[in-house]
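Notes for the structure review
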Amino acid sequence: MWRSLSRFLFQQPCPCCGRLSSQVLCQGCQQRLRAWEVRQRQRYWRGSLPLFPWGYYQQDLKRAIATMKYNNQPELGDFFGQWLALSWFEAKVAEHLPLQIVPIPLHRDKLKSRGFNQAALIAKGFCRTLELPLAAAGLIRQRPTEALFQLSLKERQANLANAFCLGHGLERQRWLLLCDDIYTTGTTARSAATVLRNAGYKVLGIITVAVALPDQLADPTVKATSSKASVHSTTAP
Ligand SMILES: [Zn+2]
């Protein structure tokens, strides 16, 4: 709260580049991030668990998400939530359905060490912007997933099978929309959706700040924008 107020009153260093700015992110960084915005979201909004990503998990956006999570910049979560909300609003996805947003939870150990759940902050910014109800504790992560990176896809799925359980505050009459920072294999999202669906809830899909999929480099819009942003390194940090 104090951070937002002080940023409003005084300029503060941009968390991504350090330049003084009255906004959470300076104009230059906002412009750089927009180069990674997904232009053809309909290609992801399909299947049993449709995905609505804001951008591609590449370069500036990848660094900004890392800054938020590992450099203790929770304000970026709310900021990304607002961007996601504006894109959702413009795309007119499911505009007539009653929605409730459910962030993918962190295990309590991770929450304790990081101090915040980025997915919850993104969901909060999204809900505030669109005046939608948030089920901040709709899901609970009952198992830590720290070691998942070293596992094969099959092991990962088995490990995640019981990772989540129902929390509270979910509304049966609404369509639940999951929210996370990054969508990679979709294993986490599917596991969360399964828990909700098995309990009789309707799950519409998942919104994320970024999508990291193997086919993203084949997307012509990415090639077009990355050539414009040629001042940046083409390899991920
Ligand atoms: Zn900046």
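Residues numbered from 1 in each chain as written. Predicted model: local features only at pLDDT ≥ 70, side-chain atom pairs only at ≥ 80, totals over all residues. Heavy atoms only, no water.

Going by this rule: UniProt positions are given in the numbering used here, feature names are shortened, and annotations may be inferred rather than shown by experiment.
Per an unreviewed UniProt entry, the protein goes by Tlr1336 protein and derives from Thermosynechococcus vestitus. In its Sequence similarities (unreviewed entry) section, the UniProt record describing the protein reads: "Belongs to the ComF/GntX family."

1. Thoughts on the coordination of the zinc ion
Cut-off, in case you're wondering: Distances define the donors: N, O and S atoms within 2.8 Å of the metal qualify, as do those within 3.2 Å of Na, K or Ca. Water is excluded, so some sites may look unfinished. Sites are called tetrahedral only when four donors show all angles between 85 and 135 degrees, square planar or octahedral only when four or six donors show opposite pairs over 155 degrees and all other angles between 65 and 115, and irregular in any remaining case. Exposure categories follow from relative accessible area, calculated using a 1.4 Å probe and restricted to protein chains: below 20% of the type maximum is buried, above 50% is exposed, and the middle band is partly exposed.
All of the protein donors around the zinc ion are Cys14 (SG), Cys17 (SG), Cys26 (SG) and Cys29 (SG); their distances to the metal are 2.3 Å. Coordination at the zinc ion is tetrahedral: its 4 donor atoms span angles of 102 to 117° at the metal. A relative accessible area of 33% places Cys17 in the partly exposed class. With a relative accessible area of 5%, Cys26 lands in the buried category.

2. Here we look at helix H4 (residues 75-91)
In plain terms, the rule: Each helix is a run of DSSP H or I of at least 4 residues and each strand a run of E of at least 2, with the numbering of both proceeding from the N terminus. A helix is expected to span 1.5 Å for every residue after the first.
Between its first and last C-alpha, H4 extends 25 Å over 17 residues, near the 24 Å set by a 1.5 Å rise per residue. Taken together, the buried positions of H4 are occupied by Glu75, Leu76, Gly77, Phe79, Phe80, Gly81, Trp83, Leu84, Ala85, Ser87 and Trp88. Following H4 by one or two positions, Lys92 has its phi on the positive side, about 50°.

3. Looking at the state of the cysteines
Quick note on the threshold: In plain terms, two cysteine sulfur atoms within 2.5 Å form what is called a disulfide here.
As enumerated under the stated definition, the model contains 0 disulfides in all. Among the cysteines around Cys127, which has no disulfide bond, Cys179 carries the closest sulfur, lying 7.8 Å off. Residue Cys127 is classed as buried on the basis of its relative accessible area of 5%.

4. Let's talk about the side chain of Ser87
Our working definition: Here, residues are in contact when the closest pair of their heavy atoms is within 4.5 Å.
Structurally, the position occupied by Ser87 is in helix H4. Once residues lying within four places of it in the same chain are set aside, the contact partners of Ser87 are Glu37, Arg41, Phe52 and Trp54.

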